[in-house]
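This is what each chain is made of:
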Amino acid sequence: MTAPPAPPPPDQEKLREQVAEDVARRIQPQLTAANKTFLSQFNPAIGFIVDDVFSYSDHERANNEFRSGEIGISASVDPFARAYGIINGTPDGIDVEEAAIVTTSLPYNLTVKGGRFFADFGRLSKFHDHDLPFVNRPRVLDEYIGGESQADGLEVNWLAPLPQYVTLTGGFYNKLGAENDRLDNTVSRDFSKFTYLGRAAGFLNITDEQSLDYGASVAYTPKVAIETDHERQLYGADFVYRYTPLSQASYHGFVLGTELLVNREHRPVGGFPDEPTDELLVFKRRDAVGLYSYAEARLTRRFYPGFLFDYTQAVDGGEPSTRAYSPYLTIWASEFQRFRLQYTYLDAPGNHENQFFLQWTVIIGSHVHSFRDR
C-alpha cells in the first residue's frame, strides 16, 4: 500500500501563497473592469415589432393602417421568478398589453402567473395580432372573447408527469378579453362577478412526422352586472394537426387548425339599445356557436400559402350568421421581416364585400419563436 505524500515544507507553502497574492494583484484591474460590464446582465432582453396593414374593401375603400408598434421586455428576476411586459402603441394610444410575473421553481410541476397577461383560453386568442397565421383575428374570437384573451388576475398551471405532454390550467380574473365590455377592469366586485377559467391541453405524437396539439377550455362568470347578474359560460375546443416530413427541413410541411366556441349567456331581446333608456329590458338566454378553421402548406422557407374559414353566430340571436373566406400567402423575406397577402370575401348580415390586405411586419431586437410556432 502506497503511503500518502508528505506535506510540502513550510517554505514551499509560503512561496505558493506569495505567488497567489501576486497573481491576484496583477489581475485585479481586469476583474474590476469585468465587474463594471457585468452589470449588463441585469438589463432585460428587449425587442420591438412594427405591424402595418394596407387594406381595401368595397365599402370602406382604401386605408393604410398602422396597426401597432410593440415593445417586449423580459428578464429573470431571481432563481425563483421571471417577469415580462408588452407595451403596445396604436393610433388609439399606448397601452400596457401584458405585464406579468411567472414563477420558475415551484415543486410538483406547478407554475403561477400573476398580473396582466393573455389567459390560457383556446388557441389563437393567446396570440398577439402580428403572431397570427393570417392578417386578421377570426371574427368569432372578437365576438365571443373580445379579441385577445387579455386578463388581469392569477393563473396556475400544472404539468402532468406523463409520457405525453399534458397540462391543466386554472385562472381567476377580473374579466376575460381585451375588448370585452361586459365587465370592467377598474372597479371592485364580489367574488361572484370574477371570471374563472379551466383548461386542459396536450400534445400527441401520432407518428415521427405527424403531431397533434389539442385542448378544451371553459370560462365561467357567475354574475354579469350588465346582464342583470345572469351567468355567462364560454366553452372552447381546439386542435392543430402538423405534418413535418423528416426528409426535409422543419419549415416544410402542412398545418391544419380548428377551434370551436360555444357562448351561453342572457341577452336582451332585440339587443342592447344604442342610447340609454328607462325601459325595462327583457333578457333571454342565448346560445351561439362559432368556429374558424385554417390550412397552411409550408412549401419552402419563404412561401406559406393558406386558407381561413370563419363562421360566427350573433350572441344576441335573431340575425343570420356571418361567414368569411380568406385565401392568403405568407412571404418570409427573413426571420425578421414578413409580408402577407390576403383576400377575404365577407358574407355578413347587410354587408357582402370583397376585402384585400397587404401586411408588413418587422422585428428588431430580442424575440422568441415559441413551441407553438415550431
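The structure displayed is predicted, hence computed values, not measured ones.

1. Notes on the overall build of the chain
Per the secondary structure count, the chain includes 2 helices and 16 strands. Taken against the 2.2 N^0.38 rule, which gives 21 Å for 374 residues, the C-alpha radius of gyration of the chain at 27 Å runs more than 25% over that of a compact globule. Dimensions of the chain along its principal axes, counting C-alpha atoms only, are 100 × 50 × 45 Å. Relative to its 374 residues, the chain shows a buried fraction of 36%. Considering only contacts within the chain whose residues lie at least 6 apart along the sequence, 52% involve residues at least 24 apart.

2. Brief notes about unusual backbone geometry
Phi is positive for arginine 61, close to 65 degrees, though the residue is something other than glycine. By secondary structure assignment, the location of arginine 61 is in strand 2 (residues 61-78). Despite not being glycine, asparagine 109 has its phi angle at roughly 60 degrees, a positive value.

3. Some words on the pairing of strand 15 (residues 337-348)
Residues Arg338, Arg340, Gln342, Thr344, Leu346 and Ala348 point to one face of strand 15 and are all buried, whereas Gln337, Phe339, Leu341, Tyr343, Tyr345 and Asp347, pointing to the other face, are not buried. Both strand 14 (residues 322-334) and strand 15 contribute to a ladder of 9 bridges, which runs antiparallel. The residue bridging tyrosine 328 from the neighbouring strand is glutamine 342, located in strand 15. What sits between strand 14 and strand 15 in their antiparallel hairpin is a turn of 2 residues.

4. Side note on the nonpolar core
Note on soluble globular proteins: their nonpolar side chains tend to be buried together. Judged by nonpolar contacts, the single largest core of 29 residues is most densely connected at Phe121, Leu124 and Tyr294. Contributing elements (two or more residues each) for this core: strand 4 (93-103), helix 2 (139-144), strand 10 (230-243), strand 11 (253-268) and strand 12 (283-298).

5. So, the packing of aromatic side chains
This structure, assessed with the given rule, holds 10 aromatic pairs. Between phenylalanine 191 and phenylalanine 194 the ring centres are 6.0 Å apart and the planes differ by 35 degrees, which places this aromatic pair in the tilted class. Within the aromatic cluster, the residues linked to one another by ring pairs are Phe172, Phe191, Phe194 and Tyr196. The ring centre of phenylalanine 194 lies 5.4 Å from the NZ or CZ of arginine 189, which sits over that ring. Against the face of tryptophan 332 rests arginine 338, its NZ or CZ located 5.6 Å from the ring centre.

6. Considerations on the side chain of glutamate 148
Relative to the helices and strands, glutamate 148 resides in the loop between helix 2 and strand 6 (150-159). A relative accessible area of 9% means that glutamate 148 is categorised as buried. Apart from residues no more than four positions distant in its own chain, glutamate 148 is found in contact with Glu97, Phe118, Ser125, Phe127, His128, Asp129, Arg137, Gly177 and Ala178.

7. Focus on the layout of surface pockets
Space inside the second largest pocket adds up to approximately 1,200 Å³. The element contributing the most residues to the lining of the second largest pocket is strand 2, with 8 residues. The residue makeup of the lining of the second largest pocket, split by class, is 13 nonpolar, 17 polar and 16 charged.

Rules and cut-offs
- The numbers attached to residues start from 1 for each chain and follow its sequence in the written order.
- Only residues with pLDDT of at least 70 get local features here, since the model is predicted, and only at 80 or more are side-chain atom pairs given and counted; chain-wide, interface and lining totals rely on the full set of residues.
- Side-chain metrics rest on all non-hydrogen atoms present in the structure, leaving aside hydrogens and water.
- Here a strand is any run of E in DSSP of at least two residues, a helix any run of H or I of at least four, and the numbering for each starts at the N terminus.
- The globule rule is 2.2 Å times the number of residues to the power 0.38, and the radius of gyration it is compared with is taken over C-alpha atoms.
- When a residue's accessible area, from a 1.4 Å probe over protein chains only, is under 20% of the maximum for its type it is buried; when over 50% it is exposed; and in between it is partly exposed.
- It only takes one pair of heavy atoms within 4.5 Å for two residues to be counted as in contact.
- The rule for pairing is simple: two strands pair if DSSP sees at least two bridges between them.
- Residues enter a nonpolar core if they are buried and are Ala, Val, Leu, Ile, Met, Phe, Trp, Tyr or Cys, with the set joined through side-chain atoms within 4.5 Å.
- Stacked, tilted and edge-to-face are the three classes assigned to paired rings of Phe, Tyr and Trp, where Trp is represented by its six-membered ring and a pair needs centres within 6.5 Å; plane angles under 30 degrees give stacked, over 60 edge-to-face, the rest tilted.
- The rule for a charge over a ring is simple: NZ of Lys or CZ of Arg within 6 Å of the ring centre, and within 35 degrees of the ring normal.
- Buriedness for pockets is judged along seven lines, at least five of which must meet protein on both sides within 12 Å for an open set on the 1 Å grid over protein atoms alone, while cavities are sets there where a 1.4 Å probe fits but cannot get out, and lining residues have an atom within 4 Å of a point.
- Grid points are joined across faces, edges and corners, and a volume is the space filled by probe spheres set on the points.
- Each residue is assigned to one class: nonpolar for Ala, Val, Leu, Ile, Met, Phe, Trp, Tyr, Cys and Pro, charged for Asp, Glu, Lys and Arg, and polar for all the others, Gly among them.

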